[in-house]
Amino acid sequence: MTGTRVVALGHYQPAKVLTNHDLAAMVDTSDEWITSRVGIKTRHLGGPDEPVDELAAHAAAKALAAAGLQPADIDLVLVATSTAIDRSPSMSARVAARLGMTSPAVMDINVVCSGFTHALATADHAVRAGAATRALVIGADKMGDIVDWTDRSSCVLMGDGAGAAVVVADSGVAGRPGIGPVLWGSVPGMGDAVRIEGTPPRFAQEGQSVYRWATTQLPPIARKVCEKAGITPEDLAAVVLHQANLRIIEPVARKIGAVNAVIARDVVDSGNTSAASIPMALSKLVERGEVATGAPALLFGFGGNLSYAGQVIRCP
């Protein structure tokens with residue numbers, strides 16, 4: 001067995017931007033109301049001619065280009081999404097076809113907001129076990145398609161987008177792998193606190209329950225993720241939490257104790273993009289040069305199913 005690392009990242013968002021002022025013309029809300037409660041200013045929305053797999057393919061192509069790889073070099077494609085409407089072909093199969101891949105294994109992973117960190121762990125395990133050599137891991141969601149645009153408590157939150165990572169085998173530096181051990185779990189008894197149900201599917205959540213759970217239960221779990229990686233929170237160069245709500249991100253990051261880390265706040269510009277939020281936010285931090293190559297970053301997803309998954313990675 002060997003270690004793994006993320007060698008490249010990519011992200012993509014639709015061109016259309018919906019501002020808080022735009023929303024104020026649609027429902028009973030205001031820029032001040034939204035900003036004070038969730039910290040979001042804008043979000044991107046895809047049109048009917050921009051399916052989830054197209055967003056995912058754009059992000060994946062960018063990651064492959066950054067890695068200097070061709071689509072044929074990839075033998076495992078994992079797409080984390082909860083907004084796939086069709087059962088088959090899967091989102092991962094559609095992305096592979098869009099990119100012109102030859103014969104990769106393809107799999108969708110639906111763990112909603114913690115989908116990307118679950119998928120990244122799965123890719124890590126597959127490569128370390130010798131079942132794959134190079135994996136493409138994508139988080140992609142069109143939350144705008146499943147939100148009730150008449151419900152001001154939820155429609156102000158959501159956005160569309162995709163983020164991707166290329167994972168390869170790596171022996172690690174000083175015995176530390178580029179992707180650290182995952183810590184994952186869930187609270188099944190509270191699973192209905194975040195829901196995507198019905199025909200057509202609609203998003204709903206128990207906001208106060210999710211807020212209390214996230215801000216009280218998750219910080220000690222995130223610290224254990226650092227412990228499993230062999231570092232302290234003070235060692236972290238970046239903290240990339242699921243971009244759910246700035247009022248969750250900031251207190252959770254503070255309670256983790258990552259005093260020297262850059263805290264990803266992409267939620268302000270992108271809204272909650274579910275499985276896309278962590279890879280998009282990390283890709284932007286790396287692209288802007290806010291974290292150095294090889295620097296340790298905590299990735300921590302949480303939300304739907306009241307599930308969570310986190311790992312420390314070395315930034316590409």
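For the structure, check the block above.
These figures come from a predicted structure and were not determined experimentally.

**Concerning the overall build of the chain**
Phase 1: When helices and strands are tallied, the chain shows 10 helices and 14 strands.
Phase 2: Each principal axis of the C-alpha distribution contributes one length, and for the chain these read about 55 × 45 × 40 Å.
Phase 3: Residues counted as buried form 58% of the 316 residues belonging to the chain.
Phase 4: By sequence separation, contacts in the chain at least 24 residues apart represent 76% of the contacts at least 6 residues apart.
Phase 5: With an accessible surface of roughly 12300 Å², the chain has 51% of that area assigned to carbon and sulfur atoms.
Phase 6: Taking the 27 positively charged and 30 negatively charged side chains of the chain as two groups, their mean positions are separated by 5 Å.

**Points about the sheet that holds strand β14 (residues 307-314)**
Phase 1: Read across the sheet, 5 strands follow the order β8-β14-β13-β11-β12 without closing on themselves; strand pairing throughout is mixed. Two strands bound the open sheet, and with one partner strand each, they are β8 (183-186) and β12 (262-263).
Phase 2: Note that strand β13 (residues 296-303) and β14 share 8 bridges and pair antiparallel. Counted as the bridge partner of Phe300 is Gly310 from β14.
Phase 3: Where helix α8 (residues 246-256) meets the sheet, it contacts β11 (238-241), β12 and β13, and its direction lies at approximately 135° from that of β11.
Phase 4: Its contacts with the sheet put helix α10 (residues 277-287) on β11, β12, β13 and β14, and the angle it makes with β11 is roughly 150°.

**Comments concerning the packing of aromatic side chains**
Phase 1: Counted according to the given criterion, the structure contains 2 aromatic pairs.
Phase 2: Arranged with centres 6.4 Å apart and planes meeting at 40°, the rings of Phe300 and Phe302 form a pair that is tilted. By the burial criterion, Phe300 is buried, and Phe302 matches it.
Phase 3: Geometrically, the ring pair formed by Phe300 and Tyr308 is stacked, given 6.5 Å between the ring centres and 15° between the ring planes.
Phase 4: Note on Phe300: relative accessible area 1%, which makes it buried.
Phase 5: Residue class for Tyr308 comes out buried when judged on its relative accessible area of 14%.
Phase 6: Taken together, Phe300, Phe302 and Tyr308 form an aromatic cluster joined through their ring pairs.
Phase 7: The side chain of Arg247 reaches across the aromatic face of Tyr211, ending 5.0 Å from its centre.

**Remarks on the packing of helix α7 (residues 207-229) against α8**
Two quantities define a packed helix pair, namely the angle between the axes and the distance from one axis to the other.
Phase 1: Running from N to C, α7 and α8 cross one another at 30°; their axes reach a closest spacing of 9 Å. Crossing handedness for the pair α7 and α8: right-handed. Contacts between α7 and α8 involve Tyr211, Ala214, Thr215, Pro219, Ala222 and Arg223 from the first element and Arg247, Ile248, Pro251, Val252, Lys255 and Ile256 from the second.
Phase 2: A per-class count over the contact of α7 with α8 returns 8 nonpolar, 1 polar and 3 charged.

**Looking at the side chain of Lys284**
Phase 1: In this structure, Lys284 sits in helix α10.
Phase 2: In this structure the side chain of Lys284 is engaged in a polar contact, spanning 2.8 Å, whose partner is the side chain of Gln13.

**Points about the pairing of strand β6 (residues 134-142)**
Phase 1: β6 sits mainly inside the fold: 8 of its 9 residues count as buried.
Phase 2: Pairing analysis gives 5 bridges linking strand β4 (residues 76-80) to β6, with the strands arranged parallel. Across the sheet, the residue bridging to Leu76 is Ala135, located in β6.
Phase 3: Strand direction decides the pairing type here: β6 and strand β7 (residues 160-170), joined by 9 bridges, are antiparallel. Looking at the pairing, Ile138 lines up with Ala164 of β7.

Cut-offs used in this document
Each chain has its residues counted from 1, running along the sequence as written. A pLDDT threshold of at least 70 governs which residues receive local features in this predicted model, and a stricter bar of 80 or more applies before side-chain atom pairs are shown or counted, although totals over entire chains, interfaces and linings include all residues. Think of the side-chain values as coming from all heavy atoms in the structure, minus any hydrogens and water. Helix and strand assignments follow DSSP, with helices taken as H or I runs no shorter than four residues and strands as E runs no shorter than two, numbered in order from the N terminus. Throughout, exposure labels follow a simple rule: accessible area from a 1.4 Å probe, protein chains only, divided by the maximum for the residue type, with under 20% read as buried, over 50% as exposed, and the rest as partly exposed. We call two residues in contact whenever any of their non-hydrogen atoms come within 4.5 Å of each other. Exposure was quantified through the Shrake-Rupley algorithm and a 1.4 Å probe, taking into account, for residues, occlusion by the shown protein chains and nothing else. The sign given to each residue is positive for Lys and Arg and negative for Asp and Glu; His and the chain ends receive no count. Throughout, a charge is located at the NZ atom of Lys, the CZ atom of Arg, the CG atom of Asp or the CD atom of Glu. Note on pairing: two strands pair once DSSP finds at least 2 bridges between them. Only the contacting stretch of a helix is used when fitting its axis, a line to C-alpha atoms as for every element, and angles between N-to-C directions run 0 to 180 degrees. Note on ring pairs: Phe, Tyr and Trp rings are taken, using the six-membered ring of Trp, and paired if centres are within 6.5 Å. Classes follow the plane angle, with under 30 degrees stacked, over 60 edge-to-face and the rest tilted. By definition here, charges over rings are those cases where NZ of Lys or CZ of Arg is within 6 Å of the ring centre and within 35 degrees of the ring normal. By definition, turning the near helix anticlockwise from the far helix through less than a right angle yields a left-handed crossing, and turning it clockwise yields a right-handed one. Note on residue classes: Ala, Val, Leu, Ile, Met, Phe, Trp, Tyr, Cys and Pro are nonpolar, Asp, Glu, Lys and Arg are charged, and everything else, Gly too, is polar. In protein, a polar contact requires one atom able to donate a hydrogen and another able to accept it; more generally it is a pair of N or O atoms within 3.5 Å, and residues adjacent in sequence count only if both atoms are side-chain atoms.

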